[in-house]
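Listed below are the residues making up each chain.
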Amino acid sequence: MTKIITVAGGKGGTGKTTVAVNLSYLLSKRGKTILVDADVENPCVPATIAGRIVVNRIVEVKGFKPVFDYGKCVKCGLCVEKCPEHSLTMLPSGRIIYFETLCSGCSSCMLVCPANAISEGYRLEGLFRFGRALDTMDVIVGEIVPGNRRSGVLIARLIEENLENFRKYDFVVIDSPPGTFAGVYSTIKHAETILAVTEPTPLGVNDLRKFIKLARKYGKEDINVVVNKYGIPGGSYEEIERIVEELGLRLFKIPYSRIVFDSVVRGVLVVEEYPESDAAKSIERLALALS
Amino acid sequence: MEIVVASGKGGTGKTFVSSNLTYFLRSLGAKVVAVDADAEAPDLLLALGGASENVYSREVYRSRKAVIDHGRCVSCMKCFETCRFNAIELSNGKPVVVEEYCEGCGACSIVCPSNAISFVVKRTGLISCDVSKYGIKVVTADLEVGGRNTGELVYMAKEEAHRIADSEGAKYIVVDAAAGIGCPVISSLAGADILIVVVEPSPQSLKGARRLLEVAESFRTRNLLILNKYDLNPNFSEKVASTLGIEVLGKIPYDYTIVKAYASMTPFLAYSSGGRALKPLVESFRTLYEGVLK
Ligand code: SF4
Ligand code: SF4
Ligand code: SF4
Ligand code: SF4
């Protein structure tokens, strides 16, 4: 049975990738594991393990782009009219101008053209790198081409197009982007277990609330709140306890320590380098509870 | 003048910088409007002490979604084959629209032979304008959970801020951008004059900042760097500064007082009676004001 665990949580920089990497490393000792870096705008898994990934396949993810045959164009203007992104415009001469940065790649223009003047072209939207990480687990890293506005589409493809593949594993750990948009929906859509990583500040709590709202909107029941940097003075601990209790969620704490920050910067795993530390033990407990 | 605070990677201190910069400008007597463009996790108003008055909130309904009339559908699967966004799935041999994935592009309805596909407009989010505890107007974009069209919402919030700034004679607009380099960040950058990149000394943050600057290139913003928590790894901070090669506005040390200020929902500059970060932060803002904004 495959278990899909999504590490998400609303606010950025709370430690999602740290949790995802350490957790998947521990899970890989218990079963066949794949880690999916779905934070395609800024994938941090490679840096967090100092590049200890052997890439064995790179998939270029392509999107549609219209290619115009001006010889065939009858200047009817239908493509301009139907383009939902206003990325086409017609000059007084009747020539069609295409603004690629606005284009979503929906292909409506090609579908409505009565003269077959538009054909299918491609543009690179991003890369999926498949490989093996730390010698213990498989990994997929998604990365969008800078300037592309549709990270949600790329994330949806990363998850949906690899879903079959996921079924070959015992554990699939998805490192989600921050936020609560449709791309985050993709990462939780098929997940049995959600980890909402947060930090004990009013801002962390605020974003946690919005994220839990998203997870519950889609019927997710196994939501686990993971409070990183637990112990910083003046933290919003009561707030978090209240949310967890009210909604009947599970709570895990990762104590604040310099070791965690240093490990992240150096690209080593807390659970591998400092297995005796409190931080490592707290992630062990999390892994145990999830496996 | 529009100043955008962004980072590429989340959690490096964007909201910390933007809330305090806004507060700083305000305490100089300058008029300033703040925009929370992190529509998926908006926190700026909180960081500025919370709302003392809600000026208005406006629901935005702009997200077009396809709807299939199964009474008319002849199960030809053309829509399924045509949709480029995984937004049509098959359920018991019938096509169903996954609303979260639907871009409302209309391609499916063009190919549908039985006119079974129509469109509805769903909630995109909320735009609100509040006066914060410190008398600062904050325009917040708040995306519907699971929503798309974040960039559009950000544009609307910025337009709103410009309208307010014009009518009140405010010279500065400070935009707190989202994490990442995607749609909302691109909308934040469009039309901005100054980009403040906030980094922390980690390879992850460096990479995020590089990707951000790559995106910013086409917008011709003046780019400035704030090295946050620089003392956690001074050598790497130097590396970040030299790799990015943009003007360094300041280096802010790690300071527990910042967390405490957050905990009391007070801008650090209003809270601190002298944390380590106070002086360097004020210095950077002064450099910015004297050298660039004035
Ligand atoms: S593919 Fe879609 S968005 Fe792009 S030009 Fe054609 S109709 Fe417009
Ligand atoms: S729809 Fe085809 S024929 Fe009509 S203007 Fe566009 S490209 Fe030309
Ligand atoms: S409107 Fe576009 S995105 Fe939505 S289902 Fe139809 S083809 Fe897919
Ligand atoms: S294209 Fe129209 S008729 Fe064909 S499956 Fe889709 S909705 Fe049904």
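Keep in mind the model is a prediction, meaning the values are calculated, not measured.

Q: Describe in detail the overall build of chain B, supporting the description with residues and values.
A: Secondary structure assignment for chain B yields 11 helices and 11 strands. Its C-alpha atoms give chain B principal-axis dimensions of about 70 × 45 × 35 Å. Of all 294 residues assigned to chain B, the portion counted as buried reaches 62%. For chain B, the exposed area adds up to about 11,000 Å²; of that, 47% sits on carbon and sulfur atoms.

Q: Hey, could you go over the domain arrangement of chain B for me, with residue numbers and the actual values?
A: Residue and element names in this part refer to chain B. As far as domains go, chain B holds domain 1 (2–50 + 133–293) and domain 2 (63–123). Inter-centroid distance (C-alpha atoms) of domain 1 to domain 2 is 40 Å. Taken together, the contact between domain 1 and domain 2 spans four residues of the former and seven residues of the latter. Summing both partners gives a buried area of about 480 Å² for domain 1 against domain 2, and 30% of it is carried by carbon and sulfur. Counting across the domain 1 and domain 2 interface gives two salt bridges. Here R123 and E144 are joined by a salt bridge, their closest N and O atoms 2.5 Å apart. Across the contact surface, domain 1 and domain 2 share four residue pairs in polar contact (both at pLDDT 80 or more).

Q: Which residues make up unusual backbone geometry, and what values do they have?
A: All names here are of chain B. Despite not being glycine, N86 has its phi angle at roughly 55°, a positive value. With phi around 50°, K229 is a residue other than glycine that occupies positive phi space. Tracing the backbone shows K229 in the loop between β10 (222–228) and α8 (234–244). By relative accessible area, K229 is classed as buried at 16%.

Q: Would you mind going over the sheet that holds strand β10 (residues 222–230) of chain A in detail, with residue names and values included?
A: Residues and elements named next belong to chain A. Reading across from one edge, β3-β6-β7-β2-β8-β1-β9-β10-β11 is the order of the nine strands in this open sheet, with mixed pairing throughout. For this open sheet the edge positions go to β3 (53–68) and β11 (250–255), each flanked by a neighbour on one side alone. Neighbouring strand axes in the sheet, compared pairwise and without regard to direction, differ in orientation by 20° on average. The pairing of strand β6 (residues 118–133) with strand β7 (residues 137–144) spans eight bridges and is classified as antiparallel. In the strand pairing of β7, R129 is matched with V141. The strands that helix α1 (residues 16–27) touches are β1 (3–8), β2 (33–37), β7, β8 (171–175), β9 (193–198) and β11; relative to β8, the one it contacts most, it runs at about 170°.

Q: Kindly report on the pairing of strand β5 (residues 94–97) of chain B, identifying the contributing residues and their values.
A: Residues and elements named next belong to chain B. Bridging between strand β4 (residues 88–91) and β5 involves four bridges; their strand directions are antiparallel. Bridge pairing in β5 links S91 to K94. If you look at the hairpin formed by β4 and β5, you'll find two residues sitting between the two strands, and N92 has a positive phi there, around 50°.

Q: Now, about helix α11 (residues 278–293) of chain B: what can you tell me, with residues and values included?
A: Since one α-helical turn is 3.6 residues long, residues separated by three or four positions face the same way. Residues and elements named next belong to chain B. Those residues of α11 that fall on the buried side of the exposure criterion are L278, L281, S284, F285, L288, Y289, V292 and L293. Viewed end-on, α11 has its buried residues packed into an arc of 140°, placing them on one side of the element. When the buried face of α11 is taken as reference, the exposed residues oriented beyond 90 degrees from it are K279 and G291.

Q: Tell me about the packing of helix α1 (residues 14–27) of chain B against α11(B), and please be specific about residues and values.
A: All names here are of chain B. It is at 11 Å that the axes of α1 and α11 come closest, and there the two elements cross at 65°. Between α1 and α11 the crossing geometry is right-handed. For the pair formed by α1 and α11, the contact residues are F16, V17, N20, L21, F24 and L25 on the first element and L281, V282, F285, R286, L288, Y289 and L293 on the second. Considered class by class, the residues forming the contact of α1 with α11 number 11 nonpolar, one polar and one charged.

Q: How would you explain the site of ligand 2 if you had to name every residue and give the values?
A: Neighbouring ligand 2 are C73(A), V74(A), K75(A), C76(A), G77(A), C79(A), M90(A), I96(A), C113(A), P114(A), A115(A) and I118(A). Of the residues contributing to the shell around ligand 2, the split by class is 10 nonpolar, one polar and one charged.

Q: If you had to explain the confidence of the model for chain B to someone new, which residues and values would you point to?
A: Do not read the fine detail of predicted coordinates wherever pLDDT is low. Confidence in the prediction of chain B, expressed as mean pLDDT, is 95, and 100% of residues score 70 or more. Interface scoring of the predicted complex returns ipTM 0.93; its pTM is 0.95.

Q: So, the side chain of D38(B): which residues are in play, and what are the values?
A: Residues and elements named next belong to chain B. Along the chain, D38 turns up in the loop between β2 (32–36) and α2 (44–47). For the buried D38, no salt bridge exists, and the shortest N-O distance to an oppositely charged side chain is 5.7 Å, to K14. Residues in contact with D38, not counting those within four places in the same chain, are A141, D176, A177 and A178.

Q: How would you sum up the packing of aromatic side chains? Please name residues and give values.
A: In this description, an aromatic ring pair is defined by two values, namely the gap between the centres and the angle between the planes. Residue and element names in this part refer to chain A. In the structure shown here, the tally under the stated rule is nine aromatic pairs over all chains. With a centroid separation of 6.0 Å and 15° between ring planes, the pair formed by F68 and Y70 is classed as stacked. For F68, a relative accessible area of 18% puts it in the buried group. With a relative accessible area of 35%, Y70 lands in the partly exposed category. Here F68 and Y98 contribute two aromatic rings whose centre-to-centre distance is 6.5 Å and whose plane-to-plane angle is 50°, an arrangement assigned as tilted. Within this pair, whereas F68 is found in strand β3, its partner Y98 is found in strand β5 (residues 96–98), the two being separated by 30 residues in sequence. In this pair, the class of F68 matches that of Y98, namely buried. Grouped by ring-pair contacts, the aromatic residues F68, Y70 and Y98 constitute a single cluster. The ring of F130 has R57 lying over it, and the distance from NZ or CZ to the ring centre is 4.0 Å. The ring of Y70 carries the charged tip of R95 above its face, separated from the ring centre by 3.9 Å.

Q: Account for the pairing of β11(A), naming residues and giving values.
A: Residue and element names in this part refer to chain A. As paired elements, β10 and β11 share five bridges and run parallel to each other. The residue of β11 that forms the bridge with V227 is K253. Taking the sense of rotation as the criterion, the β-α-β connection linking β10, helix α9 (residues 237–247) and β11 turns out right-handed.

Q: Provide a residue-level description of the pattern of salt bridges, including the pertinent values.
A: In total, this model carries 39 salt bridges over all chains according to the counting rule given. Across the salt bridge formed by R84(B) and E120(A), the nearest N and O atoms sit 2.7 Å from each other. Placement of R84(B) in the loop between α3 (78–82) and β4 and of E120(A) in strand β6 is noted, with the two residues assigned to different chains. Among the salt bridges present, the one from K189(A) reaches E89(B), with a minimum N-O distance of 2.5 Å. Of this pair, K189(A) sits in helix α7 (residues 182–189) while E89(B) sits in strand β4, placing the two residues on different chains.

Calculation criteria
- Throughout, a residue's number is its position along its own chain's written sequence, starting from 1.
- For naming, the first written chain is A and the first written ligand is 1, with later ones following in the order written.
- With pLDDT at 70 or above as the cut-off, local features in this predicted model cover only qualifying residues; side-chain atom pairs require 80 or more to be listed or tallied, and sums for whole chains, interfaces and linings still use all residues.
- Remark: hydrogens and water are excluded; side-chain values derive from all non-hydrogen atoms of the structure.
- The numbering of helices and of strands both runs from the N terminus, where a helix is a DSSP run of H or I of at least 4 residues and a strand a run of E of at least 2.
- Working definition: with a 1.4 Å probe on protein chains only, accessible area under 20% of the residue-type maximum means buried, over 50% means exposed, and in between means partly exposed.
- Only the protein chains shown count as cover for residues, and all accessible areas are computed by the Shrake-Rupley method using a 1.4 Å probe.
- Boundaries of every domain are those given by an automatic assignment or by a domain database.
- The criterion used for residue contact is that any of the two residues' heavy atoms lie within 4.5 Å.
- The term buried area means the drop in 1.4 Å probe accessible area that two parts suffer when joined, counted for both and summed.
- Between Lys or Arg on one side and Asp or Glu on the other, a salt bridge is scored when a side-chain nitrogen of the former is within 4 Å of a carboxyl oxygen of the latter.
- Contacts described as polar in this section are N or O atom pairs within 3.5 Å, which, within protein, must combine one atom able to donate a hydrogen with one able to accept it, while residues neighboring in sequence count only if both atoms come from side chains.
- Think of it this way: DSSP has to see at least two bridges between two strands before they count as a pair.
- Axis definition: a line fitted to C-alpha atoms, limited for helices to the stretch in contact. Angles are taken between N-to-C directions and run from 0 to 180 degrees.
- Within this analysis, the arc is defined by the directions that extend from the helix axis to the C-beta atoms.
- Crossings are classed by handedness, with left-handed meaning an anticlockwise turn of the near helix from the far one by less than a right angle and right-handed meaning a clockwise turn.
- Residues were grouped as follows: Ala, Val, Leu, Ile, Met, Phe, Trp, Tyr, Cys and Pro as nonpolar; Asp, Glu, Lys and Arg as charged; and all remaining residues, including Gly, as polar.
- When at least one non-hydrogen atom of a residue lies within 4 Å of a molecule or strand, that residue is treated as near it.
- pLDDT expresses how confident the predictor is about each individual residue, on a scale running from 0 to 100.
- For the purpose of charge, His is not counted, nor are the chain termini; Lys and Arg are scored as positive and Asp and Glu as negative.
- Ring pairs shown here join Phe, Tyr and Trp side chains whose ring centres sit within 6.5 Å, with only the six-membered ring taken for Trp; geometry is labelled stacked below 30 degrees between planes, edge-to-face above 60, and tilted in between.
- Note on geometry: a ring has a charge over it if NZ (lysine) or CZ (arginine) is within 6 Å of the ring centre and within 35 degrees of the ring normal.
- By definition, the crossover connecting two strands over a helix is right-handed if that path, from the first strand to the second, turns clockwise as seen with the strands pointing away from the viewer.

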